[in-house]
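Read off the chains here:
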Amino acid sequence: MTSVLGTVLLALALTGTTVAFVPVGDGASTHVSITGRALMQKVKETCRAVAEAAGYEFKPTGSSPEELVQACLGPTAIGEVSGAKFHSALQQIYNQNRLVDRDFVNSAPHHFNSEAFQEGRGLITEGMVAIKANIQKENYQAARETLGRVLHTLQDFYSHSNWVELGYTEPYISLIRPDLPLENLADFNTATCSDCASGTCPNSILPNILQEKKLTSGYMGIFSATKPKGKCSHGGAADLTSIAAPRGGINKDESRPDNVALHNAAVNAATAASLQLLEDIRSAAGDKDFLRMMGIARSSVVCFVIDTTGSMSYDIEEAREVVYEIIDTKKWTQDEPSEYILVPFNDPDFGPMIRTTDPEEMKREISKLSANGGGDTPEMCLSGLQVALTGAPASSHIFVFTDAIAKDIDLKDTIVALIRSSKSIVSFYLTEGFSRRRRSLRAASFEDYKDLALASGGQAIQVSKKQLPQATDVILDTSTSALVTVLQRARTPGKQETFPFTLDESLKNITIYLTGSSLTFTLTNSAGVSQSSNEASGKLGTIQTVGNLRRIRVSADKQTGTWKININSNQPYTLKITGQSTIGFIYDFVESFKGPHPGYAVLSGRPQAGQPATLMLSVMGRNGPSSMTIGDVGLVTVSGPETFSNSTTMDMGNGNILVTVDPVPVGEFVVFLKGTDKVSTSDFQRQSTTQMSVSKVNIQVVVDSSVEPGKAFKLPFSVMTQGPGGQFSMNARNDKDFPMSYPSSLTLTTGQYANATLTITPPASTPSGTDVTLTMEAKSSSGVDSNYAVLRFSIVTKITDFVQPSCDVVSVLADDCPQDVSKCEPFQWELFANLSDGNGTGIERVSLRQGNGNLTTTSLSAPIIHANYTASCCSQIVEILAVDKVGNVGKCYHSIVRSAGPPALTLLLPLWLFLLVSASHWL
């Protein structure tokens, strides 16, 4: 790990001109385009299979992710569908794919350089084990992040080795099948390349290597020109070994006049290999969970964090009623939540987190909650919220119910870091009793909840317990698909101010929220029609007042164009305007990195102060990014005085925009975007919800592997400040409360990194696939400046079972099937097979991948599982999947398709010979 951190920092200073399977751009030879093509194709295949099984047609209206999601979710559920979660899933995979070229720039196994074939396959094997274990535990983000890294390494094999020079066009199956040998590898002493003085020879692999089909790869030296005698180099300006004989290089990262055919062959093989790996993951996970990993789901996730102390009986009952109403009223619509999450807390307990896709299970779980104990002390509210923020999908809406201040207020900075990392929106429902308990802990107050809500783009709603049922309408508003924020502002102290905003034709269910006391307002539409705050029902909408919340539901016949709301109050207040629309965006703050394969990496913490801020923006339109024109993009302060920073933009293709903002606003800011919807020719505006700010502190840390239960895992990290040096406190927390050790403080010198190590030890009993979120924070002694890093890693039990389950076809009874398929309807055929996992972990699931018949099996716990498949003679192909408990997948295939002519010879052969020549085989 120390060498990894060193190369991270050194790589930032390197320059290179090689255009590789790079992680940015829109060309045919980038890692992102290869990964994207494979992902889109596999998602389409899976969606089509799900549609066929459910009895509807999978027919996207276009090729954009938005249109694919709409078609995949099916025609029966009405309502708007957002592609945001699918976009986010893709970006998480792409982001981790990029980081391999930054974090592991000098690691031969990560790129299959320097003939590190066994080690490179080991990384793929370890990654696939982690992905499958994560999916089993529903830790989809961890699975996506590992998938991005594994695909990078797999794809590099075809560019950096001589696989395609040997004439192979199909993927090397042994790379994802560790039970199969890696054969015919060139040994250390075997010369593999001839000298290439020009550095761009069409094929410098030695003839005997090609003739003997020996597998080799280029040696790569970023810091040294040393390589074994006679070996090929990777090549390129950053590879020092390429100027040592034999000179040149064999990488096919870029398309040059001398290697066009080889480059294209490498791209095709890398794409096919990516599809092969994705198919294995899909088969192990099942179609439903594979699509959930890819973010193909209705956008809404309902997450409740509920105080269960004695005074909360009324609140729990109201939360229960809200959940029931959401489930009962939104069923069979696109607004039906894709997942339900519940986290109870009191003192000293919090959790466990309950998550389910089954609405009836959520009803049962929330019905079990009861209020008891407490009543005189603050509760573990932030601990419960931490569980929700680390367990819920990114960009979730989390609703916290409590009437007590937070006992664990020391978690506040960690909660802010998790909010910024996950971009989830947190709203608090604070009921009476709050002020009574407040006196017991002076360090915490209502303002802490208000701060967290504002940081996330949520609201802190303070009401009496009797008013709570009216306030929870906000939950029904936000538990919806395709929710976007048009505008959000906060003022402390309050003042009279007018806020203009643009409503476009695509927006539906527009709602305006105001929180604060002693305020009045006037709402005016684009035609000049106004409605004041004392008109509960007017020309522009209906106004509901409850506690410190005013909820304005804009009439459905709203006019598009520029509206404004004038607010007058001398008390603090917040304004938020939302609606439903498929026009939106997602974003990440990024930083550029150099090296052999330069690119952009997502920041784990706050952007650096004193320099421009860079964002990677992905825009979504009704028919994909081509259906909109992007105008202004910038950063804007939420709390006054309002400052808007303009930007320069660069189109990166496929709806991705690189945004550079200079100068960056002082204080907390959000992303603001304006554009034009080409479908309706109306202007729109959108705003991000999560507040961000800059910092002069920087934390560098890389997780390079999964962690084994019961074993200490050392995580080196480095901290630097561009501000005043001195003593900086260090704080680290993990959401599983695993034991950790690290220095409590570091002495920093301006502009220089200080190195340290964190050690975390998961208990030996930790289930494989557990996802751990680690938050690290460095803060100056004055408390003026700080930054954080949020890391995810997986606990994965080391496995030795890589052998697929076996399948033996015992008999096929298809004599009754007519040779003329048009006469097949009245007839059936039958297949009998024995499935076994041998000495492995045991078969966990048997299912049909192809075939419209009926599959039955005996007990899966038996050493030999008897499978019986019956189908109409019209359905002539069957493919059976058998998945063992660690995710090894076997596919049993049989076809009764017959050619015209006499009866097939196999029907006349004895059974043992029939099994050799039949169409049945184990793939």
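Basis of the calculations
One numbering rule holds for all chains: residues counted from 1, following each sequence as written. Given that the model is predicted, a residue must reach a pLDDT of at least 70 before its local features are reported, and side-chain atom pairs must reach 80 or more before they are shown or counted; all residues, however, enter totals for whole chains, interfaces and linings. With hydrogens and water set aside, each side-chain value is computed from the structure's full complement of heavy atoms. Segments assigned H or I by DSSP are reported as helices when at least four residues long, segments assigned E as strands when at least two residues long, and all are numbered from the N terminus. Put simply, a salt bridge is a Lys or Arg side-chain nitrogen that is within 4 Å of an Asp or Glu carboxyl oxygen. Think of it in three bands: residues with accessible area under 20% of the maximum for their type are buried, residues over 50% are exposed, and the middle band is partly exposed, with areas taken using a 1.4 Å probe on protein chains only. Between 30 and 60 degrees the pair is tilted, below 30 it is stacked and above 60 it is edge-to-face, where a pair is any two Phe, Tyr or Trp rings, Trp via its six-membered ring, whose centres lie within 6.5 Å. The rule for pairing is simple: two strands pair if DSSP sees at least two bridges between them. To obtain an axis, a line is fitted to C-alpha atoms, over the contacting stretch when the element is a helix, and the angle between two such axes runs from 0 to 180 degrees between their N-to-C directions. Helix span is expected to be 1.5 Å times the residue number reduced by one. In what follows, residue pairs with any heavy atoms lying within 4.5 Å of each other are defined as contacts. Small angles under 35 degrees read as roughly parallel and large ones over 145 as roughly antiparallel, with 65 to 115 read as roughly perpendicular and the rest as oblique. Each helix crossing is assigned a hand: it is left-handed if the near helix lies turned anticlockwise from the far helix by less than a right angle, otherwise right-handed if that turn is clockwise. Confidence of the prediction at every residue is given by pLDDT, a number between 0 and 100.

### So, unusual backbone geometry
Then step 1. Cis geometry marks the peptide bond from Asp347 to Pro348, where omega comes out at 15 degrees.
Then step 2. Assignment of secondary structure puts Pro348 in the loop between strand 2 (339-345) and strand 3 (354-356).
Then step 3. Across the junction of Asp662 and Pro663, the peptide omega takes the value 5 degrees, indicating a cis bond.
Then step 4. Looking at where Pro663 falls in the secondary structure, it is placed in the loop between strand 22 (656-661) and strand 23 (669-677).

### Describing the pattern of salt bridges
Then step 1. All chains considered together, the criterion is met by 44 salt bridges.
Then step 2. Across the pair Lys252 and Glu165 runs a salt bridge, and its minimum N-O distance is 3.0 Å. Residue Lys252 is found in the loop between helix 8 (207-211) and helix 9 (260-285), and its partner Glu165 is found in the loop between helix 7 (140-160) and helix 8; the two are separated by 87 residues along the sequence.
Then step 3. Judged by its relative accessible area of 1%, Lys252 falls in the buried class.

### Here's the deal with the packing of aromatic side chains
Then step 1. Scanning the model with the defined rule gives 19 aromatic pairs in all.
Then step 2. Between Phe112 and Phe157, the ring centres sit 5.3 Å apart and the planes meet at 75 degrees, which makes this aromatic pair edge-to-face. Of this pair, Phe112 sits in the loop between helix 5 (108-111) and helix 6 (117-136) while Phe157 sits in helix 7, and the two are 45 residues apart along the sequence. Both residues of the pair, Phe112 and Phe157, belong to the buried class.
Then step 3. Consider the rings of Phe157 and Tyr158, whose centres lie 4.8 Å apart with planes at 85 degrees: the pair is edge-to-face.

### Things to note about the sheet that holds strand 14 (residues 561-568)
Then step 1. Taken together, the four strands give an open sheet; going across it, the order is 8-14-10-11, and neighbouring strands pair in antiparallel fashion. Across the chains shown, the open sheet's two edge strands, defined by having one partner strand only, are strand 8 (497-503) and strand 11 (530-532). The sheet shows a mean angle of 20 degrees between the axes of neighbouring strands, direction not considered.
Then step 2. Inspection of the sheet shows strand 10 (residues 520-524) paired to strand 11 by three bridges, in the antiparallel sense. When the bridges of strand 11 are listed, Thr524 appears paired with Ser530.

### Examining helix 11 (residues 313-329)
Then step 1. Compared with the 24 Å implied by 1.5 Å per residue over 17 residues, the 24 Å span of helix 11 between its first and last C-alpha is a close match.
Then step 2. Restricting attention to buried positions, one finds in helix 11 the residues Asp315, Ile316, Glu318, Ala319, Arg320, Val322, Val323, Ile326 and Ile327.
Then step 3. On its buried face, helix 11 is in contact with strand 1 (301-307), strand 2, helix 12 (359-367), strand 4 (397-402), helix 17 (468-471) and helix 18 (473-478).

### A closer look at the side chain of Thr690
Then step 1. Structurally, Thr690 is set in the loop between strand 24 (682-687) and strand 25 (697-701).
Then step 2. Residues in contact with Thr690, not counting those within four places in the same chain, are Ile419, Arg420, Lys423, Ala455, Ser456, Tyr587, Phe669 and Val670.

### A few points about the packing of helix 14 (residues 412-422) against helix 16 (residues 446-456)
Then step 1. Look at helix 14 against helix 16: their axes get within 9 Å of each other, and the N-to-C directions meet at 15 degrees. By the angle between their axes, helix 14 is roughly parallel relative to helix 16. For the pair helix 14 and helix 16, the crossing hand works out as right-handed. Facing helix 14, whose interface residues are Lys412, Ile415, Val416 and Ile419, helix 16 presents Asp448, Asp451, Leu452, Ala455 and Ser456.

### As for the sheet that holds strand 3
Then step 1. In space, the six strands of this open sheet follow the order 3-2-1-4-5-6, with mixed pairing throughout. Of all the strands in the sheet, just strand 3 and strand 6 (460-462) have a single pairing partner and so form its edges. Here the strands of the sheet are splayed against their neighbours by 15 degrees on average, with no regard to which way each runs.
Then step 2. Pairing geometry for strand 4 and strand 5 (residues 425-430), over six bridges, is parallel. Looking across to strand 5, one finds that Val400 is bridged to Phe428.

### What about the confidence of the model for the protein?
Then step 1. Summing up the model confidence of the protein, the mean pLDDT is 89 and the portion of residues at 70 or higher is 92%.
Then step 2. Note on residues 900-923: pLDDT under 50 across the span, and 32 contacts to partners over four residues away in sequence or across chains.

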